[in-house]
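Close look at the chain arrangement
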Amino acid sequence: MKRLGRGERLLMDGATGSEIQKRGGDVLKGSTPEWLGAWSATANLESPDIVRAVHEDYLRVGAEILISNSFWTNRLRLEPIGQGDRWADYASAAGRIAVESRDSVKPDAYVFGGMAPPCAEKPDWKVPDAGFLGERVLFDLFAEEAGVLKKARVDAILPEYVGHIQDAVVAVEASATTGLPVFLGIRHVTNEGTMQYGEAIPELARALKGKPIAGVLLMCSQPDAATATLPGLRRAFDGPVGVYPNVGYMPLAPLRGKTVKEGINTLGVSAGDFAVRARAWVDMGAQIIGGCCGTGPEHIAALKPVVKG
Ligand SMILES: [Zn+2]
C-alpha cells in the first residue's frame with residue numbers, strides 16, 4: 001500500500017486457469033456444455049505441481065503480484081461436482097501453493113488471494129448473485145473463503161470477476177473481515193466504458209465510497225474495452241486503479257455451444273500487441289497491470305519494460 005501510495009506501478013501475473021490448461025492440467029472437471037464447473041479449482045489438489053510452475057514462471061519474468069488459484073474454490077461452485085465438503089482444502093491449497101512459490105522465487109512479491117462470485121445459474125444474468133442468492137449467502141461465501149486464504153498467509157484479498165455493483169459491495173465488505181487490504185476486480189467492462197450490464201463506473205465508485213477498499217482493477221475484459229473504461233474509473237475512484245485484461249477464452253472454456261467465432265476470441269492479441277496497449281493504460285494512471293485469461297508468461301515479460309519503465 002505504501003508503494004502504491006507513492007505512485008509506484010506493480011506488475012501483476014497473467015492467467016492462471018488457462019495457463020494450467022495449456023500445460024495439461026484439467027480445468028473442466030464436471031463441466032458441461034452449459035456449465036463451466038469449478039474451473040481451475042480442482043487443479044490445486046490434483047496437479048499442484050502445474051499450479052506451482054505457472055506461479056513460478058510468472059515470478060521469474062518479473063511479476064510482483066501473484067493471484068492465488070482460488071477463483072472458484074468456494075462451496076457453491078464445488079458442490080455440483082461432489083467436492084462441496086472439501087472447498088476449504090482447495091482454497092487453502094491454492095493460497096499455500098502461491099505463497100510457497102513466492103517465498104522460494106521472489107520473496108518481495110505479493111500474493112493476492114483471488115476469489116470470484118459463484119455466478120449462480122439464474123434465469124436473468126443481469127440479476128446480481130447477491131440478489132439471486134441473497135446478500136447474506138454471498139457475504140458468508142466470500143468471508144469464509146477469504147478467511148481460509150488469510151490463514152494460508154496471502155497478503156491481500158482480491159474479490160474478482162465481479163460484474164455487478166451490489167455484488168461488489170458485498171464482496172468488499174466480506175473480504176474486509178480478514179483485516180487484509182482488499183482489492184476489487186471488475187469483469188467484462190464494455191467498449192462503452194460501463195460495467196458488463198451497463199451499470200456506470202461512477203455509480204460503482206459511489207457505492208464503494210467509505211468502504212475498506214485498497215484499489216479497483218478492470219479484469220477479464222477485452223483489452224480495448226479496458227482502454228475505454230479505465231479513464232472513467234480513474235476519474236471516479238480516489239484510490240489506486242489497474243487492469244488485467246484477457247486475450248480471449250475460446251476455445252479454452254467451451255460454453256453454451258459457442259464457437260470460437262461467437263465467443264470472445266482475441267487470442268490474436270500477441271504479447272507485443274498487449275504491451276503496446278499497456279502503454280496507454282500506464283498513461284491513464286493504471287498502477288497494477290497484468291493479464292487474465294489467455295495471457296501467459298510471454299505477455300507478462302512483454303509488459304515488464306512498459307510497466308516498470
Ligand atoms: Zn479471465
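Look a little higher up for the structure.
Report follows, based on the coordinates. Because the structure is predicted, anything quoted here is derived from the model rather than measured. (Residues numbered from 1 in each chain as written. Predicted model: local features only at pLDDT ≥ 70, side-chain atom pairs only at ≥ 80, totals over all residues. Heavy atoms only, no water.)

Quick notes on the overall build of the chain
Under the convention used in this document: Under the DSSP-based scheme used, a helix requires at least four consecutive residues in state H or I and a strand at least two consecutive residues in state E, with every element numbered from the N terminus. Only the C-alpha atoms count toward the radius of gyration. The rule for a globule is 2.2 Å times the residue count to the power 0.38. Any two residues having at least one pair of non-hydrogen atoms within 4.5 Å are treated as being in contact. To measure how exposed things are, a 1.4 Å probe is used in the Shrake-Rupley method; for residues, cover is taken only from the protein chains shown.
Helices and strands together make up the secondary structure of the chain, namely 13 helices and 8 strands. Relative to the globule expectation of 19 Å for 309 residues, the C-alpha radius of gyration of the chain, 17 Å, shows essentially globular dimensions. With the C-alpha coordinates aligned to their principal axes, the bounding extent of the chain is approximately 45 × 45 × 40 Å. Within the chain, residue pairs in contact and separated by at least 24 positions form 78% of the contacts whose partners lie at least 6 positions apart. Looking at the chain as shown, the accessible area adds up to about 11,700 Å², and 53% of this sits on carbon and sulfur atoms.

Some points on the coordination of the zinc ion
Cut-off, in case you're wondering: Metal-coordinating donors are taken as N, O and S atoms lying within 2.8 Å of the metal, or within 3.2 Å when the metal is Na, K or Ca; because water is left out, some sites can appear incomplete. Buried residues are those whose accessible area, probed at 1.4 Å on protein chains only, stays under 20% of the maximum for their type, while exposed residues exceed 50% and partly exposed ones sit between those limits.
All of the protein donors around the zinc ion are Cys 220 (SG), Cys 292 (SG) and Cys 293 (SG); their distances to the metal are 2.2 to 2.3 Å. Ordering the donors of the zinc ion by residue number gives the pattern C-x71-C-C. Taken together, the positions of Cys 220 in the loop between strand E6 (215–219) and helix H11 (223–236) and Cys 292 in the loop between strand E8 (288–289) and helix H13 (297–308) put the pair 72 residues apart, joining distant regions of the chain. By relative accessible area, Cys 292 is classed as buried at 11%.

Describing the sheet that holds strand E2 (residues 65–67)
Stated precisely, the cut-off is as follows: Think of it this way: DSSP has to see at least two bridges between two strands before they count as a pair. Under this scheme, a helix contributes an axis fitted over its contacting stretch, all axes are lines through C-alpha atoms, and angles between N-to-C directions fall in the 0 to 180 degree range.
Strands sit in the order E2-E3-E4 across an open sheet of 3 strands; the sheet is parallel. Looking at the sheet topology across the chains shown, the edges are occupied by E2 and strand E4 (156–159). The sheet shows a mean angle of 30° between the axes of neighbouring strands, direction not considered.

Brief notes about the pairing of strand E5 (residues 183–187)
Worth spelling out the cut-off: Handedness is read with the strands pointing away from the viewer; a crossover is right-handed when the path from the first strand over the helix to the second is clockwise.
Across the 5 residues of E5, 5 count as buried, placing the element largely inside the fold. Across the two faces of E5 the burial is the same, with Phe 183, Gly 185 and Arg 187 and Leu 184 and Ile 186 all buried. As for the winding sense of the linkage, the β-α-β connection from E5 through helix H10 (residues 201–208) to E6 is right-handed.

What to know about unusual backbone geometry
Even without being a glycine, Trp 39 presents a positive backbone phi close to 50°. Inspection of the secondary structure assignment puts Trp 39 in the loop between helix H2 (17–22) and helix H3 (43–46). Even without glycine at this site, Cys 220 takes up a positive phi of about 45°.

Remarks on the pattern of salt bridges
Note the following rule: The working definition used for a salt bridge is a side-chain nitrogen of Lys or Arg within 4 Å of a carboxyl oxygen of Asp or Glu.
Counted according to the given criterion, the structure contains 23 salt bridges. A salt bridge links Arg 52 to Glu 100, with the nearest nitrogen and oxygen atoms 2.9 Å apart. Note that Arg 52 is positioned in helix H4 (residues 48–60) and Glu 100 in helix H6 (residues 87–105), a separation of 48 residues in sequence. Overall, the relative accessible area of 23% leaves Arg 52 in the partly exposed class. Classification of Glu 100 as partly exposed rests on a relative accessible area of 32%. A salt bridge links Arg 102 to Asp 103; its shortest N-O distance comes to 2.7 Å. Judged by relative accessible area, which is 6%, Arg 102 ranks as buried. With a relative accessible area of 33%, Asp 103 lands in the partly exposed category.

Details of H4
Rules: A helix's residues, less one, multiplied by 1.5 Å, set its expected span.
The end-to-end C-alpha distance of H4, which contains 13 residues, comes to 18 Å, matching closely the 18 Å that a straight helix rising 1.5 Å per residue would cover. For H4, every residue scored as buried is listed here: Ile 50, Val 51, Val 54, His 55, Glu 56, Tyr 58 and Leu 59. Buried residues along H4 sit in contact with H2, H3, E2, H6 and H13. Residue Gly 62 follows H4 closely and has a positive phi angle near 115°.

Section: the packing of H6 against helix H8 (residues 135–151)
For clarity, the threshold we go by: Orientation labels follow simple angle bins: below 35 degrees gives roughly parallel, above 145 gives roughly antiparallel, 65 to 115 gives roughly perpendicular, and whatever is left gives oblique. The hand of a helix crossing depends on one turn: near helix anticlockwise from the far one by less than a right angle means left-handed, and clockwise means right-handed. Following the grouping adopted for this structure description, the nonpolar residues are Ala, Val, Leu, Ile, Met, Phe, Trp, Tyr, Cys and Pro, the charged ones are Asp, Glu, Lys and Arg, and the polar ones are all others, Gly among them.
At their nearest, the axes of H6 and H8 sit 8 Å apart, and the two run at 45° to each other. Accordingly, the angle class assigned to the pair H6 and H8 is oblique. Judged by the twist between their axes, the crossing of H6 over H8 is right-handed. Here Trp 87, Ala 88, Ala 91, Ser 92 and Gly 95 of H6 lie close against H8, whose contacting residues are Glu 144, Glu 145, Val 148 and Leu 149. Taken together, the residues that form the contact of H6 with H8 break down as 5 nonpolar, 2 polar and 2 charged.

Section: the sheet that holds strand E1 (residues 10–11)
Pairing in this open sheet of 5 strands is parallel, and the strands run E1-E8-E7-E6-E5 from one edge to the other. The outermost strands of the open sheet, each flanked by one partner alone, are E1 and E5. In this sheet, E8 lies alongside strand E7 (residues 241–244) in parallel orientation, the contact comprising 2 bridges. Note that in E8 the partner of Gly 242 across the bridge is Ile 288. Together, E6 and E7 form the strand contacts of H11, whose direction differs from that of E7 by roughly 165°.

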